[in-house]
Amino acid sequence: MRTVAEDRPINEFAELLVKIADKWRARWEEAKVFEADPNPEKPKFFVTAAFPYPNSPQHIGHGRTYTIADVYARYKRLRGFNVLFPMGFHYTGTPIITMAEAIAEGDKELIDIMVNVYGVPKEDLEKLKDPLQLARYFHEDIKAGMKEMGYSIDWRREFTTVDPEFKKFVVWQFERLRSKGLLTRGTHPVGWCPKHEMPVGMHDTKNDVEPEIGEFTLIKFIDDEGRVYPAATLRPETVFGVTNVWVNPRAEYVEVDVDGERWVVSKRAAFKLRYQRRRVEVIRELKGEELLGKRLLNPATGRKVPILPATFVDPDTATGIVMSVPAHAPFDYAALRDLLESEQGRELLEKLGVDSSELEPIPVISVRGYKEVPAKQIVEDMGITSQEQRKLLEEATKKLYSDEYHHGVMRSDIIGLALRHLPEEYRRYAIAAVKAWIAEKPVPEAREATKKWLEAIGYADIMYEVMNKPVYCRCGTEIVVKVLEDQWFINYGDPEWKKLAREALARMRIVPPEMREEFEKTIDWLHERACARTRGLGTELPWAKGWIIESLSDSTIYMAFYTVIHKIRKYGLQPEQLTVNFWDYVLLGSGDPKKVSKETGIPVEVLKELREEFEYWYPLDSRHSARDLVPNHLTFFIFNHAAIFPREKWPRQIVVNGLVLLAGKKMSKSLRNIIPLRKAIRVYSPDVMRASLIVGAELLQDVNFTHGLAMSVLGRLQRIYDIAKSVVSLERRRPEQLTLADRWLLSRLQYHKERVTNAYENLRLREAGIILLYEMVEDVNRYLEVRGTTPEAAWVLRKYLTEWIVMLSPITPFIAEELWQMLGGEGFVSTAKWPKIEEELRDPQAELAFQYVRRLVDDARDILRVLKSKPRVMKIVIVPREEWSLLKKAVTAASERKPQREFIQEVLAEVDDPKLRKEVAMKARKLYEFAMSLDDYTRRLIAEAEALDEKHVIEELVGVIQKAVGVEKIEVMETVEAEGKVPPAKIKAALPMRPAIVFE
């Protein structure tokens, strides 16, 4: 068996599928099937997916979002919508420049990946050293891959974010935001690349990681010489319970002048502080071990606490100085316990002049469900015996911190702990704030109050940190936080704007629905965001020369640009004509077209045509993207639409999907487990790749792409192809009367149409794919077993196939076109009509009969597995038909989740003869338990169909049963007839829909 590594079709059928795809792709382009223009006679549907970055070839993971969007677009087209699915390319930002620079600098690893993983010819590397050439190169490669995948894109509307027309559009967008007061200039913390000295966001970092900026409170502990040891904490309210301060004895520390104060911090912290303070000058360097034993004044309590060693202190997190609160921090409790219980630790404490009594935990928070010292309790309950059990300690910390935050209350006795070093006449005034704002207050309230109190008395400061560190710029430099002054920000923290964004979200359909909460939380926490960079491709801020609008800020409303760019080109409009007033009229309908015409030189009729085109397509009906863009792009998309457009133009739907794994692992360059999309297309064919990305997982789950998955899909498509070829070759004749098998298959077709339609509508695309590629294939196989290839069967199969192919076409359009042509369909299947459900062909009786036989055969095979000899005769004991009425009642009760006892009481209420009550009760219990074991499909059939004539069904399908079970003879008898022929226990076990089976 060939593998994907060989870069050629995996087998002969895959090769055929590739040729079929080439044929139909050419025909679509020639017929311009997917070019969409306004059509007042049709409802419109406008769908977009996040446009790609052309900084490298796409791998199979990139294909998932676009495939989902295309499947949905194709489905809507079949439903009679005039569908627009356009595509552009995102050149903005640093990814392209960084990639080109790395190639120019001879980055061996990157060049190796380009050549040996992505398949870039060595002779093309020279041109990739130039950023724009690199972008154009991969732009064309990605576009070719999208065409090869069969995406139904209107390529007339293609653009890039460095096109001069688009830059004018972005300038308009930012002028609108500025006019509404949503752009601010000020001082804010941002992710920062120290090498290139510019703000960075998700698209500027390796692996597209958004730097998450958190704020530490720095509590200023003071030594006898007035030096500040700023202990970094996220829980300032616990300062009243500090027993000591931790430093890492192996780390490098420095004494620094920070804006006029002498601080002791880790060497790495001093580097970071340079980006957050006006002046940071190193006075001297020292080792952490040199600090041990020093006494520091706790500014909240006046108590002098010792500095002790702890290797868990990370010098790269905040200041590298950590306050120890053993009553409420599991790490602190475990570390102190280790120190106190080891001989070496006790010797160190003695050497440092620290008495063990000083380190007793000081509880300051009461929390429901915990004893006086919560950290001690949770450490002991979880069986943690050492500070080296980091995973368990992290778990304990997460739980305790959460419990204390949500259910904790500050103890009243912290008042007695506060500022004990002050003379009483001053202390009683100084602790008034502790009494009023902190003691006996819930932890969230006390946290803010403690911070403000310490700031007010001069003993607290703040430091920003990248909480999900390490995050690296694409140049390889680790990101730090910089407090940026005089920078332009988009103010996503504006309360009125947040209100509008929430309203827009509330009006939208979010798929899947469980993602709505993630959007709501993102809207809540978003705040000011730096919107420009000093480096990268893109649009310059018109009022701040040298600053380029960054990639997550120029990509929020570009969907509107799709609606008119082809007409801008058609009429030869120049960038300088695309003024703010031009866009105001075309996209907002504001202004007088005659005045705009006079200003721009654009004819009034052209302006009106552009306006009408936008009016027809907007609002956007469906936006598609991967889940990792929810905390940024997708939420920015909501905000910016809400700010700029009127409510009737707000987006209607967002669809979020998961990622793609390769054999259970995330694809990454370091693992070299990347399969380029175009290579996978050549190996497996585009239809197989599309279907694999669809059936591999439901929307929000990650698809685990494997060779086995692709081969399974390939096998199913080959079976469908073979069925179609066979049916086409058969003589066909319309049946004068439909047989049970005909009625069953045509009824199943209606069932599948209903389910597939519902699945597509709700973007449960895996469900649709499983039905179309697996269940419908099995139905045909079963039908052929029963009916064979008679002319009448060929007629039924042709009807089934014709509608099946239409429903399959959104997922596998190329083979669907081929089979549509083979079956004599008119035009393209891509523009055919979606099959309607034919109620007159629904036949629950026929479906129930086949379901009965399927269950009968499965039960028989289960029995045969335990038999040692091969039987000749199969005896089937069925119950009288009258008992079906009780089964129907049991099925209704089971479907309604009615308690068993209640069901039995209802049944017994109809029994007059006391002698029969026990027997009926037992029968009712059995039937209830049996009904509960049935799947929803079988229950529905029992509820809808009339009582089944089991004997007649078995006799009609006796040949099928004999062949499936492997017996020479089948005898069917009712329970009365079976007496003396079948063991009594077997007769007693028979139920409607579950006959007793005896082999001889």
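Residues numbered from 1 in each chain as written. Predicted model: local features only at pLDDT ≥ 70, side-chain atom pairs only at ≥ 80, totals over all residues. Heavy atoms only, no water.

Thoughts on the sheet that holds strand β25 (residues 665-666)
Then comes step 1: Taking strand neighbours across the sheet as the criterion, the 3 strands line up as β25-β24-β26 in an open arrangement whose pairing is mixed. Sheet topology places β25 and β26 (703-705) at the edges, where each strand pairs with a single neighbour.
Then comes step 2: Two strands pair when backbone bridges link them, and strand β24 (residues 660-662) and β26 are joined in this way by 3 bridges, in the parallel orientation. Following the sheet pairing, Val660 is matched in β26 by Val703. (Pairing = 2+ DSSP bridges. Helix = DSSP H or I, 4+ residues; strand = E, 2+ residues; numbered from the N terminus.)

Comments concerning the sheet that holds strand β18 (residues 509-511)
Then comes step 1: Taken in spatial order, the 5 strands make up an open sheet running β2-β1-β22-β23-β18, and their pairing is parallel. The two strands at the open ends of the sheet, each matched to only one other strand, are β2 (82-84) and β18. Averaged over all pairs of adjacent strands, the angle between strand axes in this sheet comes to 20°, irrespective of strand direction.
Then comes step 2: Across 3 bridges, strand β1 (residues 44-49) lies against β2 in parallel orientation. Its bridge partner lying in β2, Phe46 is registered against Leu84.
Then comes step 3: In the packing of helix α23 (residues 630-644) onto the sheet, contacts are made with β22 (622-626) and β23 (653-657), and the angle to β22 comes to roughly 165°. (Axes fitted to C-alpha atoms, helices over the stretch in contact; angles between N-to-C directions. Contact = heavy atoms within 4.5 Å.)

What about unusual backbone geometry?
Then comes step 1: With omega at -5°, the peptide bond leading from Val511 into Pro512 counts as cis.
Then comes step 2: Its location among the elements puts Pro512 in the loop between β18 and α17 (516-525).
Then comes step 3: The omega torsion across Tyr618 and Pro619 is 10°, close enough to zero to call that bond cis.
Then comes step 4: With respect to the helices and strands, Pro619 occurs in the loop between α22 (604-617) and β22.
Then comes step 5: One non-glycine residue with positive phi stands out, namely Glu197, at about 50°.
Then comes step 6: Residue placement: Glu197 occurs in the loop between β3 (183-193) and β4 (198-199).
Then comes step 7: Take Glu197: its relative accessible area is 54%, and that puts it in the exposed class. (Buried < 20%, exposed > 50% of the residue type's maximum accessible area, 1.4 Å probe, protein only.)

Description of the layout of surface pockets
Then comes step 1: Computed from the structure, the second largest pocket encloses a volume of approximately 980 Å³.
Then comes step 2: Residue assignment for the lining of the second largest pocket shows that the elements contributing at least two residues are β6 (228-233), β13 (322-324), α8 (330-341), α11 (390-407) and β16 (460-466).
Then comes step 3: Partitioned by chemical class, the residues of the lining of the second largest pocket number 16 nonpolar, 7 polar and 8 charged. (1 Å grid on protein atoms, 1.4 Å probe; cavity = no way out; pocket = protein on both sides within 12 Å on 5 of 7 lines; lining within 4 Å. Points joined across faces, edges and corners; volume = space filled by probe spheres on them. Nonpolar A, V, L, I, M, F, W, Y, C, P; charged D, E, K, R; others polar.)

Some points on the pairing of strand β9 (residues 261-266)
Then comes step 1: One ladder, built from 6 bridges, connects strand β8 (residues 252-258) with β9; its direction is antiparallel. Bridge assignment links Val254 to a residue of β9, and that residue is Val265.
Then comes step 2: Hairpin connection from β8 to β9: 2 residues lie between these consecutive antiparallel strands, with Asp259 at a positive phi of about 50°.

Observations regarding the domain arrangement of the protein
Then comes step 1: The domain architecture assigned to the protein consists of domain 1 (213-466), domain 2 (683-829) and domain 3 (845-895 + 933-999).
Then comes step 2: Distance between the C-alpha centres of domain 1 and domain 3: 73 Å. (Domains from an automatic or database assignment.)

Thoughts on the environment of Lys875
Then comes step 1: Looking at the secondary structure, you find Lys875 in strand β27 (residues 873-878).
Then comes step 2: As for Lys875 and Ala978, which are separated by 103 residues in sequence, their C-alpha atoms are 9.2 Å apart.
Then comes step 3: Setting aside residues no more than four positions away along its own chain, Lys875 makes contact with Glu971, Met973, Lys981, Val982, Ala996, Ile997, Val998 and Glu1000.
Then comes step 4: Among the polar contacts listed, one links the side chain of Lys875 to the side chain of Glu1000, at a separation of 2.6 Å. (Polar contact = N/O pair within 3.5 Å; in protein donor to acceptor, adjacent residues only side chain to side chain.)

Section: the nonpolar core
Then comes step 1: Among the nonpolar cores identified, the biggest contains 250 residues, and Phe169, Phe582 and Met874 are the most heavily contacted of them.
Then comes step 2: In terms of residues, this core owes the most to one element, helix α26 (residues 707-729), which gives 11 residues.
Then comes step 3: Shared between two domains, this core holds at least three residues of each, these being domain 2 (683-829) and domain 3 (845-895 + 933-999).
Then comes step 4: Not counting chain neighbours up to four residues away, the residues in contact with Met874 comprise Leu856, Ala860, Ile961, Val965, Val967, Lys969, Ile970, Glu971, Ile997, Val998 and Phe999.
Then comes step 5: Leu291, Val325, Ala335 and Ile384 belong to the second largest nonpolar core, which has 65 residues in total. (Core = buried A, V, L, I, M, F, W, Y, C linked by side-chain atoms within 4.5 Å.)

A short note on a negative patch on the surface
Then comes step 1: There is a patch of like negative charges on the surface, built from Glu882, Asp949, Glu955, Glu974 and Glu977.
Then comes step 2: Along the chain, Glu974 turns up in strand β28 (residues 969-974).
Then comes step 3: Accessibility expressed as a relative area gives 30% for Glu974, which makes it partly exposed. (Patch = residues over 30% accessible without salt bridge, like charges linked within 9 Å, V, L, I, M, F, W, Y side chains within 5 Å. Areas by Shrake-Rupley, 256 points an atom, 1.4 Å probe, with all protein chains shown as cover. Salt bridge = Lys/Arg side-chain N within 4 Å of Asp/Glu carboxyl O. Lys, Arg positive; Asp, Glu negative; His and termini not counted. Charge placed at Lys NZ, Arg CZ, Asp CG, Glu CD.)

What to know about empty space enclosed by the protein
Then comes step 1: In the structure shown here, the tally under the stated rule is 2 cavities of 30 Å³ or more.
Then comes step 2: What the largest cavity holds in volume is close to 50 Å³.
Then comes step 3: Lining the largest cavity are Arg64, Ile68, Leu693, Ile694, Ala697, Glu698, Leu699, Leu763, Leu765 and Arg766.
Then comes step 4: What the second largest cavity holds in volume is close to 30 Å³.
Then comes step 5: In this structure, the second largest cavity is lined by Phe240, Val242, Thr301, Arg303, Ile362, Leu417 and Arg420.

Comments concerning the packing of helix α20 (residues 580-588) against α22
Then comes step 1: Running from N to C, α20 and α22 point in directions that differ by 45°, and their axes come no closer than 7 Å. Compared by their axis directions, α20 and α22 come out oblique. In this structure, α20 contributes Phe582, Tyr585, Val586, Leu587 and Leu588 to the contact, and α22 contributes Leu607, Lys608, Leu610, Arg611 and Phe614.
Then comes step 2: Tallied by class, residues from the contact of α20 with α22 come to 8 nonpolar, no polar and 2 charged. (Parallel < 35°, antiparallel > 145°, perpendicular 65-115°, else oblique.)

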